[in-house]
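Results of the structural survey
The primary structure of each chain is shown beneath.
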Amino acid sequence: MGKRLTQAQTDAYARDGFVAPIDIFSADEVAEIRAELEAAETRWPDGLAGPGRNNAHYVLPVLDRISHDSRILDAVEDLIGPDILVAGTTLFIKEPETSGFISWHQDARYIGLEPHDWITAWLAISDVNEENGCMRMVPGSHTAPLVEHVDTYGEDNLLTRGQTVPNVDEAASVPVPLKPGQLSLHHPRVVHGSGPNRSGERRIGFAIQSYITPAVDQVIGKIWVQQARGVDEYAYHEHAARPTEAMRPADIAFRDMTNDKLSEIFYAGAEKKGRY
Ligand SMILES: O=C(O)CCC(=O)C(=O)O
């Protein structure tokens, strides 16, 4: 038994490359999170759309609080140890009845974080189910090396270059539905993706992508980190401040600068640039 995960959950992560569902926030807490997030989206629609959904934890205290929540960090610590850095976040929102999907991919193929001592924590802020496009994972796929991805630049593909693992046996994948306030944790090499939102409700997910140990370097470009727990004895990355109020111009400028650098990482070696 770890700080948050049971032995069975830790074993599941080692075997399958992901573990879910993990209860984190109560129904009341996640309702407050959603209300704060949606109020911010209403007030700053342009600032929190498209590329503004990357690293929004630098501009919104509600997302900062999630990224540093001790219950999430306890679960992450059970899998990667006590020294933890927040190295980036993404709001993955699918609007009702939209065709956007996320093709089969391995995060480690294009994020540039080496070695793979890191983890993605994905929090459901709405109900997340098969109808509205929950993630699907291929259990055990993290035990194999990285595989080649094809850049499809598909119009509805929400990944930057539509990077896709070809010939995935979809029958071998499993859905990862989550109730609001529940979390999944996945390994950098697990093959995963998600379908479109065919429901009448928003599908709202917030991914801390990723929590890294201080021993993880960025081998393609530059990232910033925040100390979430423990110490950073490697000092590979510059440390960033945490926001104290929503959408301060200086924080927005910082987020946009880090996102420009992130874009260089995502498009390294690509034939062309996609939407963001
Ligand atoms: O939100 C989704 O459907 C996919 C997110 C994803 O691919 C990830 O967090 O690594």
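Refer to the preceding data block for the structure.
These remarks concern the structure in this document. (Residues numbered from 1 in each chain as written. Predicted model: local features only at pLDDT ≥ 70, side-chain atom pairs only at ≥ 80, totals over all residues. Heavy atoms only, no water.)

To continue, consider helix H4 (residues 70–80). Among the eleven residues of H4, eight are classified as buried, and the element is accordingly described as predominantly covered. Residues Ile-72, Leu-73, Asp-74, Ala-75, Val-76, Glu-77, Leu-79 and Ile-80 constitute the buried set of H4. At the C-terminal side of H4, Gly-81 shows a positive phi close to 100°. (Buried < 20%, exposed > 50% of the residue type's maximum accessible area, 1.4 Å probe, protein only. Helix = DSSP H or I, 4+ residues; strand = E, 2+ residues; numbered from the N terminus.)

Quick look at the environment of Thr-160 now. When you line up the elements, Thr-160 lands in the loop between strand E8 (150–151) and strand E9 (163–164). Residue Thr-160 is classed as buried on the basis of its relative accessible area of 16%. The sequence separation of Thr-160 and Ile-102 amounts to 58 residues, and the corresponding C-alpha distance is 9.8 Å.

What follows is about the site of the ligand. The local shell around the ligand holds 14 residues, among which Trp-122, His-192, Ser-194, Arg-203 and Gln-209 are the closest. A distance of 3.1 Å separates an oxygen atom of the ligand from a polar atom in the side chain of His-186. His-192 is positioned such that a nitrogen or oxygen atom in its side chain is 2.9 Å from an oxygen atom of the ligand. Protein coverage of the free-state accessible area of the ligand, which is 300 Å², stands at 99%. Among the secondary structure elements, those contributing two or more residues to the shell around the ligand are strand E3 (89–94), strand E4 (102–105), strand E6 (118–124), strand E12 (192–194) and strand E13 (203–212). Broken down by element, the residue count for the shell around the ligand peaks at three residues, all from E13. A breakdown of the residues in the shell around the ligand according to their chemical character gives five nonpolar, six polar and three charged. (Near = heavy atom within 4 Å. Polar contact = N/O pair within 3.5 Å; in protein donor to acceptor, adjacent residues only side chain to side chain. Areas by Shrake-Rupley, 256 points an atom, 1.4 Å probe, with all protein chains shown as cover. Nonpolar A, V, L, I, M, F, W, Y, C, P; charged D, E, K, R; others polar.)

These values are about where atoms sit, not about what they do.
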